[in-house]
Amino acid sequence: GTFKVTLFFFGHYINPKSRYRPPSREKCLKVLLSYCDHSNPLLRQYSITACKKLFTIAQLKGDIVNHSKSLMSRIISKTDQDGNKWTSDKIKLCLQLHIGLTAAYPENLAALVDVYVNIPEKSTQKTVLSSLHITMRQRGCQITQDRPEVLQVLSKSTAGAEALMINLLHALVENAPPSQELVAVARNLYKDYGDDARCMVPVLQGLPKAEIFNLLPNIFALQKNIVDRSIDLMLDAQGAAKPPLSAAELLVSIHTIDASKYKHLTLHVRLLLETLLFAHKLELIRTFWMLRNFVLKRNDFITMMYWQSFCNN
């Protein structure tokens, strides 16, 4: 409670619009910013919240951005102010201010991409990806597919940021089907990243059938977990009016792909794809029989109506 009250007055005094701010406004702002990577979670959270509120003030915006970039630059150098090597926990502390600002003001996303591509270690890059993904799942996050700043960052197809761009695409479609603007951006990423089919997986539900059929050979060459996710997206509606493909269409397409043109689609791979497909449909069959048994036991009008609706779908 003391931390919150103290930081409230700090934010009040720092604000140029306040009638009672002290002449040492810059010193107060520096103190507030110094708490944004503090090990105490409450102190850190209240400091970042105060900075997000002060970010809209033109006189303070530059100092806040510079400090967040300074914190992220330590991630690249892999050392703290005392020259000690950093752990993943310290990396997360330095990310929180900038990611918090980005969640409220997506214009800061470009700076995060610039830092990401200059991080030398894959493990540190994964920490950035997980931190951003967690933030995007929080309520009130402004990093959405209808924000022009987000689409602009994606459209640049920054070299070395493939994993970040793909993870960003996945996060953007978790709660909403892909818009046509996002689909266009994904197509651009697909071409710029050398026909990397991972770019198209998040927007499969926004593609026409013909385009999906053309992408299938490249999708089937990806890792098993990505192929499994792709099958889920192709067979489930998930907010769309109807699934992009039926199970029958997908099964036929597995056997109609020219094996001489796509050497990776051996008989063994095709059998694995069929296994994934049948595993997906098996869950639907199990649900079907569970509902059937439930209907037979209940035998009432409302339950029969639900059963009829399920069978029709």
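These remarks concern the structure in this document.

Calculation rules
Residues numbered from 1 in each chain as written. Predicted model: local features only at pLDDT ≥ 70, side-chain atom pairs only at ≥ 80, totals over all residues. Heavy atoms only, no water. Helix = DSSP H or I, 4+ residues; strand = E, 2+ residues; numbered from the N terminus. Buried < 20%, exposed > 50% of the residue type's maximum accessible area, 1.4 Å probe, protein only. Contact = heavy atoms within 4.5 Å. Areas by Shrake-Rupley, 256 points an atom, 1.4 Å probe, with all protein chains shown as cover. Salt bridge = Lys/Arg side-chain N within 4 Å of Asp/Glu carboxyl O. Polar contact = N/O pair within 3.5 Å; in protein donor to acceptor, adjacent residues only side chain to side chain. Axes fitted to C-alpha atoms, helices over the stretch in contact; angles between N-to-C directions. Nonpolar A, V, L, I, M, F, W, Y, C, P; charged D, E, K, R; others polar. Left-handed = near helix turned anticlockwise from the far one by under 90°. Core = buried A, V, L, I, M, F, W, Y, C linked by side-chain atoms within 4.5 Å. Expected span 1.5 Å × (residues − 1). Arc of directions from axis to C-beta.

Describing the overall build of the protein chain
And then number 1: Each helix and strand counted, the protein chain has 15 helices and zero strands in total.
And then number 2: In the protein chain, which comprises 313 residues, the proportion classed as buried is 40%.
And then number 3: Of all intrachain contacts in the protein chain linking residues separated by at least 6 positions in sequence, the fraction that spans at least 24 positions is 59%.
And then number 4: For the protein chain, the computed accessible surface area is about 17700 Å², with 55% contributed by carbon and sulfur atoms.

Structural notes on the pattern of salt bridges
And then number 1: Tallying each qualifying case throughout the model produces seven salt bridges.
And then number 2: The salt bridge involving Glu174 is made with Arg137; its shortest N-O contact spans 3.1 Å. Of this pair, Glu174 sits in the loop between α9 (162–172) and α10 (180–192) while Arg137 sits in the loop between α7 (122–136) and α8 (148–155), and the two are 37 residues apart along the sequence.
And then number 3: Classification of Arg137 by relative accessible area gives exposed; the value is 58%.
And then number 4: In this structure, Arg198 engages Asp196 in a salt bridge whose closest nitrogen and oxygen atoms are separated by 2.7 Å.

Observations regarding the side chain of Thr135
And then number 1: Along the chain, the position of Thr135 falls in helix α7.
And then number 2: Taking relative accessible area as the criterion, Thr135 reaches 12% and is therefore assigned buried.
And then number 3: Within the structure, Thr135 has its side chain in polar contact with the backbone oxygen of Ser131 (distance 2.9 Å).
And then number 4: Setting aside its immediate chain neighbours within four residues, Thr135 contacts Ile99, Ala103 and Cys141.

Notes on unusual backbone geometry
And then number 1: Its identity is not glycine, yet Ser157 carries a phi of approximately 50 degrees, on the positive side.
And then number 2: The class of Ser157 is buried, set by a relative accessible area of 11%.
And then number 3: The phi dihedral of Asp195 falls on the positive side, at around 55 degrees, and the residue is not glycine.
And then number 4: Mapping Asp195 onto the fold places it in the loop between α10 and α11 (209–219).

Considerations on the packing of helix α5 (residues 88–104) against helix α6 (residues 109–117)
And then number 1: At their nearest, the axes of α5 and α6 sit 9 Å apart, and the two run at 145 degrees to each other. Across the interface between the two elements, Leu95, His98, Ile99 and Thr102 from α5 touch Leu109, Ala111 and Leu112 from α6.
And then number 2: A per-class count over the contact of α5 with α6 returns five nonpolar, two polar and no charged.

Here we look at the packing of helix α4 (residues 58–77) against α5
And then number 1: Running from N to C, α4 and α5 point in directions that differ by 145 degrees, and their axes come no closer than 9 Å. Crossing angle aside, the handedness with which α4 passes α5 is left-handed. Between α4 and α5, the residues in contact are Ile64, His67, Ser68, Leu71, Met72, Arg74 and Ile75 and Ile91, Cys94, Leu95, Leu97, His98 and Leu101, respectively.
And then number 2: In terms of residue class, the contact of α4 with α5 is made up of nine nonpolar, three polar and one charged.

Re the side chain of Ser131
And then number 1: Along the chain, Ser131 falls in helix α7.
And then number 2: A polar contact of 2.9 Å, which involves the side chain of Ser131, links it to the backbone oxygen of Thr127.
And then number 3: Not counting chain neighbours up to four residues away, the residues in contact with Ser131 comprise Lys92, Leu95 and Ile99.

Observations concerning the nonpolar core
And then number 1: With 78 residues, the main nonpolar core has Leu154 and Leu168 as its most contacted residues.
And then number 2: Those residues in contact with Leu168 that lie beyond four places of it in its chain are Leu109, Leu132, Met136, Ile143, Val150 and Leu154.

Side note on α10
And then number 1: For α10, built from 13 residues, the straight-helix expectation of 18 Å at 1.5 Å per residue is met to within 8% by its first-to-last C-alpha distance of 18 Å.
And then number 2: Among all positions in α10, only Leu182, Val183, Val185, Ala186, Leu189 and Tyr190 are buried. End-on, the buried residues of α10 take up no more than an arc of 160 degrees, which puts them together on one face.
And then number 3: Where α10 terminates, the next one or two residues include Gly194, which has phi positive at roughly 70 degrees.

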